[in-house]
Amino acid sequence: MVTEKSVKELENSQAALTLTIDAASIEDAYTKRIQKYAKELTLPGFRKGHVPASVIERKYGDSIREESTFDTMESALQDVIKELDAKDKPLPFATPVLQDEEKLLPFKKGEDITFTVVYDVRPSFEVPKYTGLEVDIPAVEVTDKDIDSEVEKLRNQNAVVKNKSGKAKDGDIATITYAELDEDGNEIESTKRSDFTFTIGSGYNFYKLDKDVVGMKKDDTKTVEKTYTEEDNVPGYAGKTVKLSVHLTELKERELPEVDDDFAQDIKDEYKTVQDMRDGIKKDLEKKVEDVLKNEKEEALMKAITENTSFTIPESMINAELDSRWRNFVRSSQLSEDQILKFLEMQGETKENLQAEWRTDVESMLRTQLVLDAIREKENFEISEDDLNAECEKQLKNVPDSEKDSYKEIIKDNMQFEKVVPFLLENNKFKEGKKVSYTAYTNPSVKD
C-alpha cells in the first residue's frame, strides 16, 4: 500500500510525515466500496442488493472515490505510525493534520497519492548538565521566637471566649448589624446585614469595618463614612464613598490560658512540663524545616538544570495538562461544571481566563518533567527483576494475566523515574545562605 514514507523534523516540536500510496491500493479500496454500496443501497427501479455497480459509480462515483481514498489514507497513516521510532511518533493527544487538502482533490483514477500530515512530537533537546552543580538555598533554623509564636497559636486555640463590657479592640469578637444609608440617612434595606460576627482585625467583613468598630461598646451605634480604593478589595466599590450605620449588638473577648505545666499537659498527654512542650514544638518545627528545605532543594536544583535548556513544549501537551487541571479543579470543588462556569461568569471570569493563569505554571511543570524523564532515560537506573515483579503484582492485581506484560515496561519506567530526584539530590551540592528563622521564611511579611 505505502510505497514511500519520510519524516521531517519541524520547529516547535512538530514533525511532518509524508506518505505515498500506490494507485492499485486506492483502486482496490474504491472498487470494494462500490461493491459494498451496491449491496446496501436501494434505488428506484432496483431491488436492494441488486443495483449494478456501474449505476452506483455513475451516480455517486466521485463522492465514493473521495470517501474510500480518505479512508485508505487514514488506514495507511495509522499503520505507518505504529512502526515509527518513538521520537517520530505523534504525541498521544496530538491529532495529525492533513496539509494542502485542496491540492489533492479531486482524486483521479490510476494515480498514486502523496500526502503530508503534521503533528506534535515529544520535544527533542540536549540533556543539560545535571550533576556536579552547586545550588544556593536558604539556611532555615528554628529559633526561640518561632517556638514562642507556636505557643501563642496554641494559647489562642485554647482560649476561653467570654462576654466583654469594655471597649472593642483588635482580637475581640464583634457581632454587628449594619446597612448603607441613603442621602436622607435612611437604611438601604437591600444592604442590611443583621448579627454578623467576625474577629476585629481579621478583615473578614465586606465593608472592612474593623477599625471603625474599635472603641465601640456593646449596644453602641455609629455612622461611618468610608471611601474605598482598589487596594481595599471591596468588589464594586473602588472610588465610591458610602455612609454606613453600624450597631454593635454583642462583644466578646478571648481569655488566653497561662503558659504553665497544666497548659502543656492539656496540649498533649506526653507533655509534663512547659519545657517538654517547647521541646516538642521545636522537634515538630525542625521536621517541617526538613520538608521545606527538601522542596526548596528540588525546586532550586531543577531551576538550575532547566534554565539553560531551550525547547518548545507542544501546544497539544500544554492543552492536555490544562484540561486535566480543569477536571481536577471541578472535581475538588464539589460543584458541577455548569455551576462553576456560572460562578465564574458572575465574577467576570471564564474557564479560558482561568486556564490562561495556569499556563505559566503548567509550562514550567512540563519542562521539568521532560528534563527529568530525559535524565531517567540517560541514567537507565537499574531495577531488579524481583522489585519489578513485586510492583507489578501490587499494581496489576485486577488486570488479566494476558494483559500484564503490556503494563510491565510502563511500571519499570515509573520506578526509574522515582529514582531521578534522589539521584540529583545526592549528586549535587547545596550552599546555604544567610540564616533565617522558620517564621520569617514561611511568612515573608514577618521580619527576624
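Every value quoted in this text rests on a predicted model; they were computed, and no experiment measured them.

Trainee: Kindly report on the pairing of strand β10 (residues 241–255), identifying the contributing residues and their values.
Mentor: With 4 bridges joining them, strand β6 (residues 160–163) and β10 adopt antiparallel strand pairing. Counted as the bridge partner of asparagine 163 is lysine 252 from β10. Pairing analysis gives 9 bridges linking strand β7 (residues 173–181) to β10, with the strands arranged antiparallel. Following the sheet pairing, isoleucine 173 is matched in β10 by lysine 252. Bridge analysis of strand β9 (residues 221–227) against β10 gives 7 bridges, and the strand direction is antiparallel. Across the sheet, the residue bridging to lysine 226 is valine 242, located in β10.

Trainee: Tell me about the packing of aromatic side chains, residues and numbers included.
Mentor: Under the definition given, this model contains 13 aromatic pairs. Between the aromatic rings of tyrosine 207 and tyrosine 237, the centroid separation amounts to 5.8 Å while the plane-to-plane angle is 85 degrees, which identifies the pairing as edge-to-face. Taken together, the residues tyrosine 207 in the loop between β8 (193–199) and α5 (210–213) and tyrosine 237 in the loop between β9 and β10 connect sequence positions 30 residues apart. Three or more aromatic residues link up through ring pairs in this structure, and these residues are Tyr178, Phe196, Phe198, Phe206, Tyr207, Tyr228 and Tyr237. Stacked on the ring of tyrosine 30, the Lys or Arg arginine 65 has its end atom at 4.1 Å from the ring centre. Its guanidinium or amino end placed over the ring of tyrosine 237, lysine 240 lies 5.4 Å from that ring's centre, counting from NZ or CZ.

Trainee: An account of the nonpolar core is needed here, citing residue identities and associated values.
Mentor: In this structure, Ile305, Trp326 and Leu424 are the most contacted members of the largest nonpolar core, which totals 31 residues. Among the secondary structure elements, those contributing two or more residues to this core are β5 (134–141), α7 (274–306), α8 (315–333), α9 (337–346), α10 (351–379) and α13 (420–426). Among residues more than four places away in sequence, those in contact with tryptophan 326 are Glu337, Ile340, Leu341, Leu344, Lys351, Leu354, Gln355 and Trp358. Residues Ile176, Phe196, Leu209 and Leu244 belong to the second largest nonpolar core, which totals 20 residues.

Trainee: Quick one: what's the story with the sheet that holds strand β1 (residues 2–10), residue by residue and with numbers?
Mentor: Overall, antiparallel pairing links the 4 strands, which are arranged β1-β2-β4-β3 in an open sheet. The strands lining the two open edges of the sheet, one partner per strand, are β1 and β3 (97–98). Here β1 pairs with strand β2 (residues 14–21) via 8 bridges, running antiparallel. By the bridge assignment for β2, glutamate 9 is matched with alanine 15. Each of β1, β2, β3 and β4 (113–120) touches helix α2 (residues 53–83); the most contacted strand, β2, lies at about 120 degrees to it.

The rules behind each value
Residues numbered from 1 in each chain as written. Predicted model: local features only at pLDDT ≥ 70, side-chain atom pairs only at ≥ 80, totals over all residues. Heavy atoms only, no water. Pairing = 2+ DSSP bridges. Helix = DSSP H or I, 4+ residues; strand = E, 2+ residues; numbered from the N terminus. Phe/Tyr/Trp six-rings, centres within 6.5 Å; stacked < 30°, edge-to-face > 60°. Lys NZ or Arg CZ within 6 Å of the ring centre and 35° of its normal. Core = buried A, V, L, I, M, F, W, Y, C linked by side-chain atoms within 4.5 Å. Buried < 20%, exposed > 50% of the residue type's maximum accessible area, 1.4 Å probe, protein only. Contact = heavy atoms within 4.5 Å. Axes fitted to C-alpha atoms, helices over the stretch in contact; angles between N-to-C directions.

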